[in-house]
Amino acid sequence: MRLSMLRRMMLQLLLICTVALTVSGQQEDTDGCSWGRQTLPLLLDTHVEILNKPLFREEQQLVDVRDGPRTAGQSDPERMLGYETLYENGTCTHTDVELQGFSMSSARGGSGKRRKRQVYGADGRFVITDSNFITNYPFSTAVRLSSGCSGVLVSSKHVLTAAHCIHDGRFYLNSAKRLKVGLLQLKTKRRRKGEKGKKRRRRKEVGMEKVRRKGGVKRVRRGVKPKQPVFRWTRIKQMKIPQGWIQSTTTVSRDYDYALLELKRPVQMKPMELGVAPSASTPTRIHFSGYDADKNLLNGSGQEKVIYRFCPVVEESDDLMYQHCDAQDGAAGAGVYIRVRDSTKEGKWQRRVIGVFSGHRWLEEKEEEEDGALQGDFNIAVRITPPKYAQICHWIHENPSRCREV
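Side note on the state of the cysteines
The full count for this structure, using the stated rule, is three disulfides. One disulfide bridge connects Cys311 with Cys325, the sulfur atoms lying 2.0 Å from each other. Residues Cys311 and Cys325 are joined through a disulfide that is left-handed, its torsion about the S-S bond being -105°. Placement of Cys311 in strand β16 (residues 306–316) and of Cys325 in the loop between β17 (320–323) and β18 (335–341) is noted, with a sequence separation of 14 residues between them. Cys325 carries the same exposure label as Cys311, and that label is buried. A disulfide bridge connects Cys393 with Cys403, and the sulfur atoms are separated by 2.1 Å. Of note, the bridge from Cys393 to Cys403 carries an S-S torsion of about -85° and is left-handed in sense.

Dropping the structure here:
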C-alpha cells in the first residue's frame, strides 16, 4: 500500500517538474520562433446600425461548419471583419468596417463536419492542480465561461474565446444572456470585527499544540489545509463577434470562430498579450490551457484543475492551424499561444496569443491529389492574422492608432 502511494507521489512530482521546465523556458529553444516588429492594416468603423432584439437558442446546436459562402459586393475581408455587439441590457448593433493597407491573398480551404473533441493515442495532457501553478502566470490567464467553455485573459478587462461558445452562427445561445467569466484565485477570508478572539479559540479546534523548548514556547499548527483556488466570477458588459461567423445561411465559417468579451470590472491579474500567428513556413509549437470537461466538474466546483498541453502544428491554411493537441469538451475557446524571442539585444522569451482553439475537424479526401493535401482527424485552432489582430486590438483599445504595429 505504501509502495503504491509512493509511486503515485513520484509520478505527480515528475509531471510537475516536466510542466515547470516547459513553462519556465528550459525547452523554449525548440519553439523556433522569433519576434520582430510588424506593420498592421488599419481597421476603421464606418457605420453602426441598431439591430432588432436578438434571438436565443435554448441549447448549443451548431449548424454544419464549413467554409462560409462568398458573396459579391463588399470585399470579403471587410464584410467578414464587420462585427456584431451584444450589450448586457439586450441591445444589439452591427458595425461595418473599412480595412486599409491590406491586400487579399489566396486562401487555402478545406471543408469538414464538426465532431467530438479528440484525444490522439496516449493522453498527452497535463492536469495542473498545484495552487502555485494555476493561480500564477501563464496558467492564471486561462479562464472559464459559465457556458462551459474556456477563454484567455488578453487585457485587464477582456477575454478572448470561441464564437461558438456564445453563438451558433444563427442565434445567440441561451447561456449568453447572463454569461459570467471565472478566474481562479486563492480563497481568502476577510477578517471582521470581533473575529480576533474567535480565531484564538479555533486554533484549539484545528489542532494547535505547545511544544516546550529552551528559550520559550514554540507553537506548532497541525491539520490546517492549504488555501485552495476557487473561481471568482465576473459578469459580462458586452460581447463582440465577427460577421464572418454570423451567417444568414445554413453554414458558418470556422475561420472566424472567435469572440471578445468585455468584463464589467477590470481584474488584478496579468493578461497574456496578443500576437500575429507566424507564417506557415515557420515550424511552430503551440501551447494552450483550458478546463476540459472530463477533468473538471461542469458547475465549476470542487478541486479545480487547469489542463495544459503543447504540440507541433501539422499543417496550416491562411486562417486555421491543424494539430493533434489532445483536448476534450470544455477546452474550446482556450487561447493558443507560442513562445517567441523579442527583437531586443536581450532576446527575452515572451508569450503571445496567436490563435483560439476551436475544436475538431475531419478533412475529406480530395478528388485530385494536391501536394501536401491532408485527410483525417485534426483538432484545429483559428489563426490570428494581421486583419484579425487589427480587429481584436480595435475592440480592446477602441483606438485604431494603437493597433498599427505589433
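Next comes the rest of the account.
Thoughts on the side chain of His164
Relative to the helices and strands, His164 is located in the loop between β8 (158–161) and β9 (172–173). Within the structure, the side chain of His164 is placed 2.8 Å from the side chain of Asp257, a separation counted as a polar contact.

Examining a positive patch on the surface
A cluster of basic residues, Lys53, Lys177, Arg178, Lys180 and Arg235, forms a positive patch on the protein surface. Mapped onto the elements, Arg235 comes out in strand β13 (residues 229–242). Accessibility expressed as a relative area gives 41% for Arg235, which makes it partly exposed.

Describing the pattern of salt bridges
Tallying each qualifying case throughout the model produces 11 salt bridges. Among the salt bridges present, the one from Arg352 reaches Glu273, with a minimum N-O distance of 3.4 Å. In this pair, Arg352 sits in strand β19 (residues 349–363) while Glu273 sits in the loop between β14 (259–263) and β15 (285–290), placing the two residues 79 residues apart along the sequence. We classify Arg352 as buried; its relative accessible area is 10%. Assessed through its relative accessible area of 47%, Glu273 is described here as partly exposed. As a salt-bridge pair, Asp292 and Arg309 come within 2.8 Å of each other at their nearest N and O atoms. Of this pair, Asp292 sits in the loop between β15 and β16 while Arg309 sits in strand β16, and the two are 17 residues apart along the sequence. The same class applies to Asp292 as to Arg309, namely buried. One salt-bridge network, held together by shared partners, links Asp123, Arg125, Asp292, Asp294 and Arg309.

Some thoughts on the environment of Leu263
Position of Leu263 relative to the elements: it lies in strand β14. Assessed through its relative accessible area of 0%, Leu263 is described here as buried. Distance from Leu263 to Lys180, taken between C-alpha atoms, is 8.6 Å for residues 83 residues apart in sequence. Once residues within four sequence positions are removed from consideration, Leu263 is found in contact with Ser156, Lys157, Val159, Val181, Thr234, Arg235, Ile236 and Lys237.

Quick word on empty space enclosed by the protein
A full pass over the atoms with the stated rule returns two cavities of 30 Å³ or more. Size it by volume and the largest cavity reaches roughly 60 Å³. Contributing to the lining of the largest cavity are Pro138, Phe139, Thr141, Ala142, Gly151, Val152, Met272, Phe288, Ser289, Gly335 and Tyr337. Among the secondary structure elements, those contributing two or more residues to the lining of the largest cavity are β7 (150–155), β15 and β18. Partitioned by chemical class, the residues of the lining of the largest cavity number seven nonpolar, four polar and no charged. His158, Gln238, Met239, Lys240, Leu260, Leu261, Glu262 and Trp395 are the residues that line the second largest cavity. For the lining of the second largest cavity, the secondary-structure elements that each account for two or more residues are β13 and β14. Partitioned by chemical class, the residues of the lining of the second largest cavity number four nonpolar, two polar and two charged.

With respect to the pairing of strand β3 (residues 83–87)
Most of β3 sits out of view: four of its five residues are buried. Pairing geometry for β3 and strand β4 (residues 92–100), over four bridges, is antiparallel. Bridge pairing in β4 links Thr85 to Thr93. Hairpin connection of β3 to β4: four residues between the antiparallel strands, including Gly90 at a positive phi of 95°. As judged from the five bridges shared by β3 and β13, these two strands associate in the antiparallel manner.

A short note on the nonpolar core
Among the nonpolar cores identified, the biggest contains 70 residues, and Leu160, Val181, Met239, Leu261, Leu274 and Ile392 are the most heavily contacted of them. Considering each element in turn, this core owes the most residues, six residues, to helix α5 (residues 386–397). Excluding residues that lie within four positions of it along the chain, Val181 makes contacts with Val143, Arg144, Leu145, Val159, Arg232, Trp233, Thr234, Ile236, Leu261 and Leu263. Grouped together as the second largest cluster of nonpolar side chains are 16 residues, Ala277, Cys311, Val336 and Val340 included.

Examining the confidence of the model for the protein chain
Close reading of the predicted structure is inappropriate where its pLDDT is low. Looking at the protein chain, pLDDT values average 77 and 65% of them are 70 or higher. Predicted confidence for residues 60–75 stays below pLDDT 50, and this span has 46 contacts to residues more than four positions away or in other chains. This stretch, residues 106–117, has a pLDDT under 50; its non-local contacts, to residues over four places away or in other chains, come to 46 contacts.

Calculation rules
Residues numbered from 1 in each chain as written. Predicted model: local features only at pLDDT ≥ 70, side-chain atom pairs only at ≥ 80, totals over all residues. Heavy atoms only, no water. Disulfide = S-S within 2.5 Å. Helix = DSSP H or I, 4+ residues; strand = E, 2+ residues; numbered from the N terminus. Buried < 20%, exposed > 50% of the residue type's maximum accessible area, 1.4 Å probe, protein only. Polar contact = N/O pair within 3.5 Å; in protein donor to acceptor, adjacent residues only side chain to side chain. Patch = residues over 30% accessible without salt bridge, like charges linked within 9 Å, V, L, I, M, F, W, Y side chains within 5 Å. Areas by Shrake-Rupley, 256 points an atom, 1.4 Å probe, with all protein chains shown as cover. Salt bridge = Lys/Arg side-chain N within 4 Å of Asp/Glu carboxyl O. Lys, Arg positive; Asp, Glu negative; His and termini not counted. Charge placed at Lys NZ, Arg CZ, Asp CG, Glu CD. Contact = heavy atoms within 4.5 Å. 1 Å grid on protein atoms, 1.4 Å probe; cavity = no way out; pocket = protein on both sides within 12 Å on 5 of 7 lines; lining within 4 Å. Points joined across faces, edges and corners; volume = space filled by probe spheres on them. Nonpolar A, V, L, I, M, F, W, Y, C, P; charged D, E, K, R; others polar. Pairing = 2+ DSSP bridges. Core = buried A, V, L, I, M, F, W, Y, C linked by side-chain atoms within 4.5 Å. pLDDT = per-residue confidence, 0-100.

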